[in-house]
Each structure stands twice: as C-alpha cells, then as structure tokens.
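# Per-entry structural report
Below are the chains, spelled out letter by letter.
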Amino acid sequence: MSSAITVREIMTREFLGVSESDDLLETVELLLDEAADCAVVLRGPDPVGALDERDALSLLVGETDPAAATVTDVMDDGVVRVASDASLTAAAEAMAREEADWLLVVEDEPVGVVSAYDIATASTIAPVVGDGTVSTATEPSPTYDTQGICEHCGTLTHDLVTVNGQSVCANCREN
C-alpha cells in the first residue's frame, strides 16, 4: 500500500450529515436518495455519532416503532476519525483496529469521509514498487508478463508465446 498517497487525495468531500433528533425514516430515505452508505450524526458542527445501513436495519428487529424513531434510537455513539494528511496505511490500520467500514476525515472540522473501498481502490491504482517508489500508469513497463491462459488449450501457464497471433503454452506450441 502506498504511503505516498494521503487520505485527503482519495476522500469523498461531500458527506451526509444528520441531527440526532432527525426522523429515522426520513434519514433512511435520504441515505437511499443520496446513495450514501453512512451519515455522520452532528450536534451543531461537532460529530457525535454515525448511522449506517446496519444501524437502520436494526430498527426492524428492535422494539422501537419505526414511525416514531429518531436517529438517536439507532446511531452508533462516536465516530472513528482520521487526519486528512494521514497515509493510506494509517487509515487502513485505523479501520482494522476500530472494525470500521469508513472514517470521518478531519482537519479542524470534518472535511469528508473515506471508505474501505476508497482505500482498496487507491492502493491498487498506485502500488509501491520494490525500491519504495510509487509506480504510475504512465511509466512504461520494461518487460511483459508471460503468465496467462493459453488461447488454444485454456491452461494457465507461466511461459506464453505468441504464435500466429495467439498466446499459446509450450505444449500447444510444439503441436
């Protein structure tokens, strides 16, 4: 995972903020309308909790009447935070330690959210190479990988060669 990329570079800057007293059904509708996985529960400008799909679903098996429920009834207290200048590695470690699917990105105040999907995607886009530098898509590859599937017999092999426009294995090359 690249330590050269910061959370600030991959975070989603727009996040859904709700109040503790908001109607839960309206909040769930808002989550669906915005295609958001989570909402940050705010008391004024301060984050005090979080609400995600799992919290909303818990209402269905609970004893609270969904029509009368508020965000407070099902929200998780506390929000896992990460600094915007933290590395992807630090963010991933915080997620693992806190068993969180997303983190609130903060500077002096909340500035965005970052999800496990964001971190996984970013870590595959800019992988770290052996000498610790970040590999980019614009760098030409000095050699081509010869591992793949033989187009003739369908076998996975480590030594493909192009013959008559097809990538073939050693066995098919001899036939």
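Data block above holds the structure.
Below you will find a few notes about this structure. Chains are numbered independently. Their residues run from 1 in the order of the written sequence. At least 70 in pLDDT is required for a residue's local features to be given in this predicted model, at least 80 for side-chain atom pairs to be given and counted, and no such filter applies to totals for whole chains, interfaces and linings, which use all residues. Side-chain numbers here rest on the full set of heavy atoms in the structure, without hydrogens or water.

## Brief notes about a negative patch on the surface
Rules: Patches draw on residues past 30% relative accessible area with no salt bridge. Two like charges within 9 Å are joined, as are two nonpolar side chains (Val, Leu, Ile, Met, Phe, Trp, Tyr) within 5 Å. Computed with the Shrake-Rupley method and a 1.4 Å probe, the accessible areas treat only the protein chains shown as cover for residues. The salt bridge criterion pairs a side-chain nitrogen of Lys or Arg with a carboxyl oxygen of Asp or Glu, the two atoms within 4 Å. Charged-residue counts in this description rest on Lys and Arg as positive and Asp and Glu as negative, His and the chain ends being excluded. Think of each charge as sitting on NZ of Lys, CZ of Arg, CG of Asp or CD of Glu. Numbered from the N terminus, helices here are DSSP runs of H or I no shorter than four residues, and strands are runs of E no shorter than two.
Among the surface-exposed residues, Glu14, Glu26, Glu29, Asp33 and Glu34 lie close enough to one another that they form a single negatively charged patch. By the secondary structure assignment, Glu14 is in the loop between helix 1 (7–10) and strand 1 (17–19).

## Points about the environment of Arg43
Formally: The contact criterion used is simple: two residues touch if any of their non-hydrogen atoms lie within 4.5 Å. Pairs of N or O atoms are called polar contacts if they sit within 3.5 Å, as long as, within protein, a hydrogen donor faces a hydrogen acceptor (for residues adjacent in sequence, only side-chain-to-side-chain pairs).
Of note, Arg43 is situated in strand 2 (residues 38–43). Between the C-alpha atom of Arg43 and that of Ser21, which follows or precedes it by 22 residues, the distance is 9.6 Å. Setting aside residues no more than four positions away along its own chain, Arg43 makes contact with Glu20 and Val48. In terms of polar contacts, Arg43 uses its side chain to reach the side chain of Glu20, at 2.8 Å.

## Concerning the sheet that holds strand 2
Put simply, the rule is: For two strands to count as paired, DSSP must find a minimum of two bridges between them. Angles shown run from 0 to 180 degrees and are taken between the N-to-C directions of axes, each axis being a line fitted to C-alpha atoms and, for helices, limited to the stretch in contact.
One open sheet holds the four strands; their spatial order is 1-2-3-4, and the pairing between them is mixed. Each edge of the open sheet carries a strand with a single partner, namely strand 1 and strand 4 (76–77). The pairing of strand 3 (residues 46–52) with strand 4 spans two bridges and is classified as antiparallel. Looking across to strand 4, one finds that Ala50 is bridged to Asp76. Each of strand 3 and strand 4 touches helix 3 (residues 53–61); the most contacted strand, strand 3, lies at about 65° to it.

## Description of helix 3
A turn of α-helix holds 3.6 residues, and therefore any two residues three or four places apart point the same way. Note the cut-off: Using a 1.4 Å probe on the protein chains alone, a residue whose accessible area is under 20% of its type maximum counts as buried, one over 50% counts as exposed, and one in between counts as partly exposed. Directions from the helix axis toward the C-beta atoms define the arc.
When we look at burial in helix 3, the residues that qualify are Asp55, Ala56 and Leu59. Taken end-on, helix 3 shows its buried residues confined to a sector of 100°, consistent with a single buried face. Facing away from the buried side of helix 3 by over 90 degrees, the exposed positions are Arg54, Leu57, Leu60 and Val61. Two or three places before Arg54, at the start of helix 3, stands the capping residue Asp52, its side-chain oxygen 3.2 Å from that residue's backbone nitrogen.

## Looking at the pairing of strand 7 (residues 110–115)
Among the six residues in strand 7, five count as buried, and that is most of the element. What sits between strand 6 (residues 102–106) and strand 7 in their antiparallel hairpin is a turn of three residues.

## Some words on the environment of Arg173
When you line up the elements, Arg173 lands in helix 6 (residues 170–174). The spacing of Arg173 and His152 is 21 residues in sequence and 9.3 Å in space, taken between C-alpha atoms. If sequence neighbours within four positions are ignored, Arg173 has contacts with Asp159, Val161, Val163 and Val168.

## Description of the pairing of strand 6
With five of five residues buried, strand 6 lies mostly within the body of the structure. Of the two faces of strand 6, the one lined by Trp102, Leu104 and Val106 and the one lined by Leu103 and Val105 are each fully buried. In the sheet, strand 5 (residues 81–83) pairs with strand 6 via three bridges, with the strands oriented parallel. Bridge pairing links Ala83 to Val106 in strand 6. In terms of strand pairing, strand 6 meets strand 7 through five bridges, oriented antiparallel. Its bridge partner lying in strand 7, Val105 is registered against Gly112.

## A short note on a nonpolar patch on the surface
A cluster of nonpolar side chains, Leu57, Leu60 and Val61, forms an exposed patch at the surface whose accessible area comes to about 370 Å². Among the secondary structure elements, Val61 is positioned in helix 3. Judged by relative accessible area, which is 75%, Val61 ranks as exposed.

## A short note on the pattern of salt bridges
Summed over the entire model, instances satisfying the criterion amount to three salt bridges. Arg43 is the partner of Glu20 in a salt bridge, and the nearest nitrogen-oxygen pair spans 2.8 Å. Taken as a pair, Glu20 in the loop between strand 1 and helix 2 (24–33) and Arg43 in strand 2 lie far apart in primary sequence, 23 residues in all.

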